[in-house]
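In case you want the letters, here they are:
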Amino acid sequence: MRSFLLKTILAAALAGTTLSVLPAAHSAPGEQYVPLPTYRVGPYASSGTLWWAGERDYFRYINEVEGGIDGVKLAVEEFETEWSPDRTVEVYERIKNGRDGSPVAFFFTHGTPASYALIEKGAADKIPLIDPAGGRTESTDGKVFPYAYPLLFNYYSQASVGINYIAQKEGGFDKLKGKKIVTVYHDSAYGRETQAAVELLAKKYGFENFQIPVADPGSEQSPQWRQVREIKPDWVFLRTWGVSTPVAIKTAARFGVPADRIIGDVWAGSEADVIPAGAAAKGYQALAPYPGGANFEIHERLRKSILDTGKSDLKDPKFFGAVYYNIGLINAVLAVEALRTGHTKFGNRPLNGEEGRWAFEHLEIDDARLKKIGFLGLLQPIKLSPSDHEGGGAARIQQWDGEKWNLVTDWIQADRETLRPLIEAKSAAYAKEHGITPSDAGKTTGKAE
Amino acid sequence: MTLDVSREYDVQPLWLADRKIGWGVPLLLVLTFVVIPLLGNEYWLNAIFVPFLILSLAGIGLNLLTGYAGQTSLGSGGFMAVGAFATFSLVTHVKFISLPPALFLAGLIAGLVGLVFGIPSGRIKGFYLMVSSLAAQFFLEWVFQKFPWFYNYGSSGTISLPRLDIFGFNGGSSIGRYYLTLVIVVALTWVAANLVRSHVGRNWMAIRDMDTAAAVIGIPVDRYKILAFAVSSFYLGIAGALWAFAYLGAASVQSFGIARSFQIIFIIIIGGMGSITGNFIGAAFISLLPLALDYTVQSIFSGHVDAGLLQNIQKAIFGFLIIWFLIKEPDGIARLVKTFGERLSAWPLRF
């Protein structure tokens, strides 16, 4: 630092940062604190930014248009994690006691590895971990995992719906015998979750099950698809996410695996996954528990009050109604409806983690309610219970035609009866390993603090 | 001081052998063992101090190999993974074992693995050795994903311990994890500090500075290089096990990827290669500075600037700081601190 001027500028900047008068992110005691561990940088950012936009737009709609949930406003705060479970754990530790007196009622983990990393911490701190269409599948059994919620569509259900759709296309479950179904999966907790279910279904229906891993982040997949080509499968189940999906579709086309024989799962079925793949993605199918599209009632309401008034979090309004944007809407509405359910028992005030647990375990949204909140057709009816933290288990199949996603089937239900024993076996093993006694159904403290 | 001339020649004058222990280290020990647990809340212990200590330990491990023995290695993440998975296997399959012996044994296993991957160091040096250590990194990453035995056939490849059983006590609370980490890090730091002051350390430094000359004066170079790999992997293995179980709770190979290896090598470069305190400084820089940046930037700009842009700005600031520090002092921050200390000792003379 040679010049005095430079030193002065530096000192002033330092003083400015420490004595900042700009309003910091904060919340008031009467508000419900909603922390969001997001990823706006890194290989998963393209999916993530739309997701957070959907969540923030809906929360903003609730706060500004409906005046909060029964008058309780939501204080939303974002934290960057780059989809790394290590950083999500750090964010969780930072926010678990709430902020400025506003308690935390639940924690979106926004990623399956993070759900895994936090599952014990959430149970110890009594904060429900919410991971719709994700999470640790065993946690569907709420008696062993009272604070983990793989809402709506756990991974086993995803595998089952994929297989059911293949059976539909083949003309019946008996036609599955002897067929070759390859699963190309992202080598992380997320990608491997379906393996046990597919294995079980392979045994049940007699198809050959091949599992081929793709190392994170999956920007180069030639060896995997060469292997797929050698197997000459009838169907390919694509369980990748982030940048690995468009790379997979393009590489598959290069190796001559037709796109209409590839079924992507929930997290491999968005515009960000197929547009970069270009022409190779025409005919590609994906599971859609939440279809894409901006024609639902809630989109009309949001368009009027948020999008057109410029208050949307979306940088590009073209993506209004994209699959990940709708995923954000669904995540947000499940949380809001759960909080509303909680208010019926605990009163119209911010809830803490234990009360949030009661709220989620008693969440029920039927068709009438869906129509009222504008989500009819977008969200399936859901009913949770202390022993069932999934509640839905159905999806439709959408197919990309080069320009947009088209829904090609009606709701396909997963084979939950076959899968439930597997889930219960795993949760029992976890309970034994960790010395947990499964709580009785419905037994929650239900009191504040 | 006058020499007593009546002494024999071969008796070392006592004042040369007088090793004074300054007040710095005891003060630090009191601070970390007593003051911080009393004052710190769960967040500070869980998310600030524990990862800082573990990364310092990993830095010490790599520093022994790269900073003292001069063998560049990018396999740190892989050896950390060996330690974590070995601890998991030991605790899962050997029923009566408690955590500290399991950690020690896992460190030995990691050391053995490091020894095996250190064998090429007898033939290749510098940049090329780095490439072979990269092979170790990717191989170990692959092994722990490919063979389900390592994660006990779980469905997702994640390992976690049901309880942190420290000789009967449940170390699962944040205080327990903090003390477990602190005791292990303090003990291993003491060992490392003594190691580098001993003939082993001197031989390593001789090999680092000019290994041909070291061989000429009779140091068994190959053996010491392999020893460096083994000891370094021992440290990295224990650091990896602590990272997985004392910090995260549940870990998969994703936490020990090439990014982790790079993080540790950055720690020792910024902190100072060839110093023990440098690892702590480097770990603070690499793990805590981004958090501090995040806090500061969030408190000023959150809500006013796009969050993604904010993240990228932070990364840019962080990179700029690294460049600036390395230009100021290529030998790392530890050297900066040491120079400053030396100048301070000349105070109030011009410094």
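Worth saying up front: this structure is predicted, and the values here are computed from it rather than measured. (Residues numbered from 1 in each chain as written. Chains lettered and ligands numbered in written order. Predicted model: local features only at pLDDT ≥ 70, side-chain atom pairs only at ≥ 80, totals over all residues.)

## With respect to the overall build of chain B
- Of the regular secondary structure elements, chain B holds 14 helices and 4 strands.
- Against the compact-globule benchmark of 20 Å for 351 residues, chain B has a radius of gyration of 22 Å, which places it among compact chains.
- By principal-axis analysis of the C-alpha atoms, chain B measures approximately 75 × 50 × 45 Å.
- Across the 351 residues in chain B, those meeting the buried criterion constitute 45%.
- Partitioning the contacts of chain B with sequence separation of at least 6, the portion at a separation of at least 24 is 75%. (Helix = DSSP H or I, 4+ residues; strand = E, 2+ residues; numbered from the N terminus. Rg over C-alpha atoms; globule rule 2.2 N^0.38 Å. Buried ≥ 20, exposed ≤ 12 C-beta atoms within 10 Å, placed from the backbone. Contact = placed C-beta atoms within 7 Å.)

## Some thoughts on the overall build of chain A
- Within chain A, the secondary structure is distributed over 15 helices and 15 strands.
- For chain A, whose C-alpha radius of gyration is 23 Å, the value lies close to the compact-globule estimate of 22 Å for 449 residues.
- Seen through its C-alpha atoms, chain A measures out along the principal axes to roughly 70 × 60 × 45 Å.
- Across chain A, contacts joining residues at least 24 apart in sequence account for 71% of those joining residues at least 6 apart.

## Observations regarding the interface of chain B and chain A
- Tallying the contact residues gives 25 residues for chain B and 35 residues for chain A.
- Of all the secondary structure elements, the ones that give two or more residues to the side of chain B that touches chain A are α3 (42-68), α12 (277-301) and α13 (307-328) of chain B.
- Its residues assigned to classes, the side of chain B that touches chain A shows 7 nonpolar, 18 polar and no charged. (Nonpolar A, V, L, I, M, F, W, Y, C, P; charged D, E, K, R; others polar.)

## A few points about the sheet that holds strand β3 (residues 107-108) of chain A
Residues and elements named next belong to chain A.
- One open sheet holds the 3 strands; their spatial order is β3-β4-β5, and the pairing between them is parallel. Of all strands in the sheet, those bounded by a partner on one side alone are β3 and β5 (148-149).
- Across 2 bridges, the pairing between β3 and strand β4 (residues 129-130) is parallel. Bridged to F107 within β4 is L129. (Pairing = 2+ DSSP bridges.)

## Comments concerning the domain arrangement of chain A
Residue and element names in this part refer to chain A.
- Splitting chain A by domain gives domain 1 (32-154 + 293-393 + 425-434) and domain 2 (155-291 + 397-416).
- Between the C-alpha centres of domain 1 and domain 2 there is a distance of 26 Å.
- Contacts between domain 1 and domain 2 engage 25 residues on the former and 24 residues on the latter.
- For the side of domain 1 that touches domain 2, the secondary structure elements donating two or more residues are α2 (45-64), α4 (112-125) and α12 (323-346). (Domains from an automatic or database assignment.)

## Things to note about the confidence of the model for chain A
Residues and elements named next belong to chain A.
- When the pLDDT values of chain A are averaged, the result is 84; 92% of them are 70 or greater.
- Within chain A, no element has a lower average pLDDT than helix α1 (residues 4-18), which sits at 64, and none a higher one than β3, at 93.
- A low-confidence stretch, residues 18-25 (pLDDT under 50), is modelled with 8 contacts involving residues beyond four sequence positions or located in other chains.
- Overall, residues 441-449 carries pLDDT values under 50, and its contacts beyond four positions in sequence, including any with other chains, amount to 12 contacts. (pLDDT = per-residue confidence, 0-100.)

## Describing α13(B)
- In this model α13(B) runs 31 Å from its N-terminal to its C-terminal C-alpha over 22 residues, within 8% of the 32 Å that 1.5 Å per residue would give.
- Turning to α13(B), its buried residues number three or more, namely A307(B), G308(B), L310(B) and Q311(B).
- If you follow the buried residues of α13(B), they end up packed against β1 (32-38), α2 and β2 (74-80) of chain A together with α12 of chain B. (Expected span 1.5 Å × (residues − 1).)

## Regarding the packing of α2(A) against α12(A)
All names here are of chain A.
- The interhelical angle for the contact between α2 and α12, taken along N-to-C directions, is 40°, at an axis separation of 7 Å. In terms of orientation, α2 and α12 fall into the oblique class. Relative to α12, α2 is oriented so that their crossing is right-handed. Taken together, the residues of α12 that come into contact with α2 (itself represented by S47, L50, W51, W52, A53, G54, E55, Y58, F59 and I62) are Y324, Y325, N326, I327, G328, L329, N331, A332, V333 and V336.
- Residues that form the contact of α2 with α12 fall into these classes: 14 nonpolar, 5 polar and 1 charged. (Axes fitted to C-alpha atoms, helices over the stretch in contact; angles between N-to-C directions. Parallel < 35°, antiparallel > 145°, perpendicular 65-115°, else oblique. Left-handed = near helix turned anticlockwise from the far one by under 90°.)

## Quick look at the pairing of β1(A)
Residue and element names in this part refer to chain A.
- Most of β1 is tucked away: 7 of the 7 residues are buried.
- Of the two faces of β1, the one lined by Q32, V34, L36 and T38 and the one lined by Y33, P35 and P37 are each fully buried.
- Pairing geometry for β1 and β2, over 7 bridges, is parallel. Bridge pairing in β2 links Q32 to L74.
- One crossover worth recording links β1 to the parallel β2 by way of α2, and it is right-handed. (Right-handed = clockwise from strand over helix to strand, strands pointing away.)

## Quick notes on the packing of α12(B) against helix α14 (residues 333-345) of chain B
All names here are of chain B.
- As a packed pair, α12 and α14 sit with axes 8 Å apart at the nearest point and diverge in direction by 115°. Between α12 and α14 lies a crossing whose hand is right-handed. Facing T277, G278, I281, G282 and F285 of α12, the residues of α14 in contact are I333, A334 and V337.
- Along the lines of polarity and charge, the residues of the contact of α12 with α14 split into 5 nonpolar, 3 polar and no charged.

## Focus on the environment of K179(A)
Residue and element names in this part refer to chain A.
- The topology assignment puts K179 in the loop between α5 (155-170) and β6 (180-186).
- Owing to 17 C-beta atoms within 10 Å, K179 belongs among the partly exposed residues under this scheme.
- A sequence separation of 136 residues divides K179 from K315, and the C-alpha atoms of the two residues are 45 Å apart.
- What K179 contacts, discounting residues up to four positions off in sequence, is E170, F207 and D234.

## Description of helix α15 (residues 416-434) of chain A
Residues and elements named next belong to chain A.
- In this model, α15 (19 residues) spans 26 Å end to end at C-alpha, consistent with the 27 Å of a helix rising 1.5 Å per residue.
- Those residues of α15 lying buried are L419, I423, K426, S427 and Y430. Along α15, the residues classed as buried sweep out an arc of 100° about the axis, all on the same side. For α15, the exposed residues set more than 90 degrees away from the buried face come down to E417, P421 and K432.
- Those residues of α15 that are buried lie in contact with α5 and α7 (195-205). (Arc of directions from axis to C-beta.)

## Overview of unusual backbone geometry
Residues and elements named next belong to chain A.
- For D100, which is not glycine, the phi dihedral falls at a positive 50°.
- Examined against the element boundaries, D100 turns out to sit in the loop between α3 (85-95) and β3.
- Even without glycine at this site, H110 takes up a positive phi of about 55°.
- Looking at the secondary structure, you find H110 in the loop between β3 and α4.

## Details of the pairing of β6(A)
Residues and elements named next belong to chain A.
- Burial runs high along β6: 6 of the 7 residues are buried.
- By the bridge criterion, 7 bridges tie β6 to strand β7 (residues 208-214) in an arrangement that is parallel. Looking at the pairing, H186 lines up with V214 of β7.

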